[in-house]
Every structure is written in C-alpha cells, then in structure tokens.
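What follows is each chain in one-letter form.
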Amino acid sequence: MGERKASMADVADRAGVSVMTVSNVINRPEVVAEATREKVLAAMRDLRYRNNLVARSLRLAQPRQIGYVLPAPDLSGNPYMAVFLHDLATACQTADRNLTLITQQDTESLMGACEDLYFGQSVAGFVVSNIGSEDERLIELQRRGIPFAAYGRDAAAFESPWSWAEGDAALGVAMAVDHLVERGHRELAFLGADHRSETVMQREIGYRDACGRHGLAASTTAQRIVPARGDLATGVRAAAALLDSEHPPTAIVCKTDTLAAGVVIALQSRGLAPGRDVAVTGYDDTPLTEFGTVGITSVHQDSAAIAAALVRLVIDPPDAPAHVLVPPSLTVRSSTGPLTAAAPTNS
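Residues numbered from 1 in each chain as written. Predicted model: local features only at pLDDT ≥ 70, side-chain atom pairs only at ≥ 80, totals over all residues. Heavy atoms only, no water.

**Details of the sheet that holds strand β3 (residues 126-128)**
- Spatially, the 6 strands line up as an open sheet ordered β2-β1-β3-β4-β5-β13, and their pairing is parallel. The two strands at the open ends of the sheet, each matched to only one other strand, are β2 (98-103) and β13 (323-326). When strand polarity is set aside, the average angle formed by the axes of neighbouring strands in this sheet is 25°.
- Sheet topology places strand β1 (residues 65-70) next to β2; 6 bridges connect them, and they run parallel. Paired with Val 69 across the bridge in β2 is Ile 102. (Pairing = 2+ DSSP bridges. Helix = DSSP H or I, 4+ residues; strand = E, 2+ residues; numbered from the N terminus. Axes fitted to C-alpha atoms, helices over the stretch in contact; angles between N-to-C directions.)

**Considering the sheet that holds strand β7 (residues 225-227)**
- A sheet is described by the order of its strands in space; here 6 strands give the open sequence β7-β6-β8-β9-β12-β14, paired in mixed fashion. Only two strands of the sheet have a single neighbouring strand rather than two, namely β7 and β14 (329-331). Sheet twist, expressed as the average angle between the axes of neighbouring strands with direction ignored, equals 20°.
- Alignment of strand β8 (residues 251-254) against strand β9 (residues 279-283), held across 3 bridges, turns out to be parallel.

**Focus on the packing of aromatic side chains**
- Under the definition given, this model contains 6 aromatic pairs.
- Each ring, one from Phe 148 and one from Trp 162, has its centre 5.9 Å from the other, and the planes form 50°; the classification is tilted. Note that Phe 148 is positioned in strand β4 (residues 148-151) and Trp 162 in the loop between β4 and β5 (164-167), a separation of 14 residues in sequence. Assigned by exposure class, Phe 148 and Trp 162 land together as buried.
- For the cation-ring pair, Arg 203 lies above Tyr 283, with the distance from its terminal atom to the ring centre recorded as 3.8 Å. (Phe/Tyr/Trp six-rings, centres within 6.5 Å; stacked < 30°, edge-to-face > 60°. Buried < 20%, exposed > 50% of the residue type's maximum accessible area, 1.4 Å probe, protein only. Lys NZ or Arg CZ within 6 Å of the ring centre and 35° of its normal.)

**Side note on the confidence of the model for the protein chain**
- Within the protein chain, residue pLDDT values average 89, and 92% of them lie at 70 or more.
- Between residues 54-60, whose pLDDT stays under 50, and residues either more than four places distant or in other chains, the model counts 11 contacts. (pLDDT = per-residue confidence, 0-100. Contact = heavy atoms within 4.5 Å.)

**Some details on unusual backbone geometry**
- Its identity is not glycine, yet Gln 121 carries a phi of approximately 60°, on the positive side.
- Mapped onto the elements, Gln 121 comes out in the loop between α6 (107-119) and β3.
- Residue classification places Gln 121 among the buried positions, given a relative accessible area of 14%.
- Non-glycine residue Asp 284 carries a positive phi angle of around 110°.
- Looking at where Asp 284 falls in the secondary structure, it is placed in the loop between β9 and β10 (290-291).

**As for the packing of helix α8 (residues 169-182) against helix α9 (residues 198-213)**
- The geometry of α8 relative to α9 is characterised by a closest axis approach of 7 Å and an angle of 40° between their N-to-C directions. With respect to α9, the element α8 is oriented oblique. Considering only the axes of α8 and α9, their crossing is right-handed. Contacts from Ala 169, Ala 170, Val 173, Ala 174, Val 177 and Asp 178 in α8 reach Thr 199, Gln 202, Arg 203, Gly 206, Tyr 207, Ala 210, Cys 211 and Arg 213 in α9.
- Of the residues that constitute the contact of α8 with α9, the class distribution is 8 nonpolar, 3 polar and 3 charged. (Parallel < 35°, antiparallel > 145°, perpendicular 65-115°, else oblique. Left-handed = near helix turned anticlockwise from the far one by under 90°. Nonpolar A, V, L, I, M, F, W, Y, C, P; charged D, E, K, R; others polar.)

**Describing the pattern of salt bridges**
- Scanning the entire structure with this criterion turns up 15 salt bridges.
- Between Glu 115 and Arg 144 there is a salt bridge; the shortest N-O distance is 3.2 Å. Of this pair, Glu 115 sits in helix α6 while Arg 144 sits in the loop between α7 (136-143) and β4, and the two are 29 residues apart along the sequence.
- When its relative accessible area of 2% is taken as the criterion, Glu 115 is described as buried.
- Of the charged contacts, one joins Arg 208 and Glu 204 as a salt bridge, the two residues approaching to 2.9 Å between their closest N and O atoms. Residue Arg 208 and its partner Glu 204 are both found in helix α9; the two are separated by 4 residues, about one turn of the helix.
- Given the relative accessible area of 37%, Arg 208 is considered partly exposed.
- On the basis of relative accessible area, Glu 204 is assigned to the buried category, the value being 8%. (Salt bridge = Lys/Arg side-chain N within 4 Å of Asp/Glu carboxyl O.)

Okay, here's the thing in structure tokens:
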C-alpha cells in the first residue's frame, strides 16, 4: 500500500495551530497573521500536503458544486430517498449550484475524498444523510473545518455543534394517531421501532406522546410497539403476529410506507379490509401508498423544503448552528376509515 497522504489535521499538528487556521491559510490567507501563515505553509511543504490542490484553490472562484454523500443502498427498499435526491438536485440548481455525488466509504477514505473536493475548491460543502446517533462523519468533517449540513439529527439533537434539517417526524406520527382517534380507534399498535437512528426514533416518540395525550395506555405496551426493519416481508410477518395476539389492535401505525404495504397484504390474505376492519398508516407518502385498490394514509414529508433548507445551510452557513424542523402533513386515503366493527379476533 502507498504511504498515507498528509491530512489537514497533520498540517495543523505540525504547525502547532488549529485546523481552522490551516483552512483559513488555504481559503482566506488575508485573515491570518503573516508569521502564522508562513509556519503553516512550511508545514505543508514539509508534509507535501496536496500542493497542487492548495495552489489551485487560490486561483479558482467560489465553487458551484455541493457534494452529497450518497448513502449505501437500502436493501429493504426506501423509495423516499430517490424523491429526496431529485429534490436536492433541484434545490441546488435553484441556488445556481450543481450536485456532486460522493459514494459512502469508510470514514478515513471518505474524509480524504471530502478534503480533496473542498480544499481543491471543487465543492462549497456537503450534505450528509442517514445520520447515526454518534456519527463519525459529522465529527470528522467539523474537525477538518469542512462546511456541511446534516439531513437528520444525531444524539445531541438541538445541542449539536453543526447545522441540520429534517422533517418533524414526531409531529407527523402524532398527526396520524390523532386522525385514528378521531375515527374511533382506541386500540393502536406501532410497527417499526428502531433505536439506531435518532430521526426514526422521533416517529416512535411521536406515537408514544400522542397515545399518552389520548389516554391509550394499552397502545404503548411492549406488545403494541414492535421493532421491525422497513421491508415488505417484515410488515407482513409483524402484522400477522399482531393480528394473532390476544388483543389485536384496530389500527396499525407504521414507520414506513413499505411496512404499511406489508400490513395491507397481511390483512387482505385474511379476508380483512384495510380501513374498514383494521386501519393502517404509513410514513413518507411514496408511490407505495397507492397499493392496488387500497390507498394508504401516510405522513407526507416536504422533501423539497428540507432539501432547500440543507442547501441554504451549506452555501450560506449561519453564525451559530441552525436546527431546522420542517412540518409534515397527513395525506388521508381509504386505509383509515372510521371504526365500524370490533377488533379482529385471532380465531
């Protein structure tokens, strides 16, 4: 293997300055004292730090590209992210920018690619999605002084030292629960509890909070809040288990449209009518909501507004980190008709 390229952090350590100071020497040398600037440039020469990129960065005008760290393929299927990618490209074009895709890699390789693009003046900054609770990518981008905005929160949420934007997932699921209660449902279940992602956890939090407001204690037991991946087959299996339980729910709230489509399949296989016998809601309002003869009620994320907020945070970063919640809406379809019968039995 070849020798590892020196990073900006290596230059900072060598020169005894911060990473931000190195960034300023490259991009805004006029704000750095001459002695400090000379010390950093000497460290760059000693470490042979991307001299061609540094020289190029001083010649080019402001970058017209925004980088998007393309997440790994979701094998369970996630049609929403295809819609978001289109909206992100549109938001970039509206802001007179173009979108550059960077494939997900191990953190060190990804940071090398991001440094090359940003300090080589190819991109103005990055949008990062599929955020984990303690996401190393965000930590490393900030440590290197590279501008970015996260699509989603990490464990620090509103205390995060970087900007993020996302749909208000807790509000969206609470709207679905309120709608079901208005339709007469008092026995609910939530399908898709997932503690790996802070953003997805907000869907469960919204469900629990809304059930609490309506006094639906039985709907928040361990039997009614079911961990599940987001794929169709899991939706079928999990719905069957709920329907076979001692006290089946009359309404099932799902964290994704794919899970909701699986629930519809499970209901129809038993001769039950979604919306009449058991209500079903999804999340993301994707094309899966028009599932055969059944229209699935779903929480609609305003992905165009989310994408526009992320682009704005990259090209015009605020003085302090901004945390943007975009309100969702509920698209009502036939899968949430009024309660007209007792809950289905497991017989």
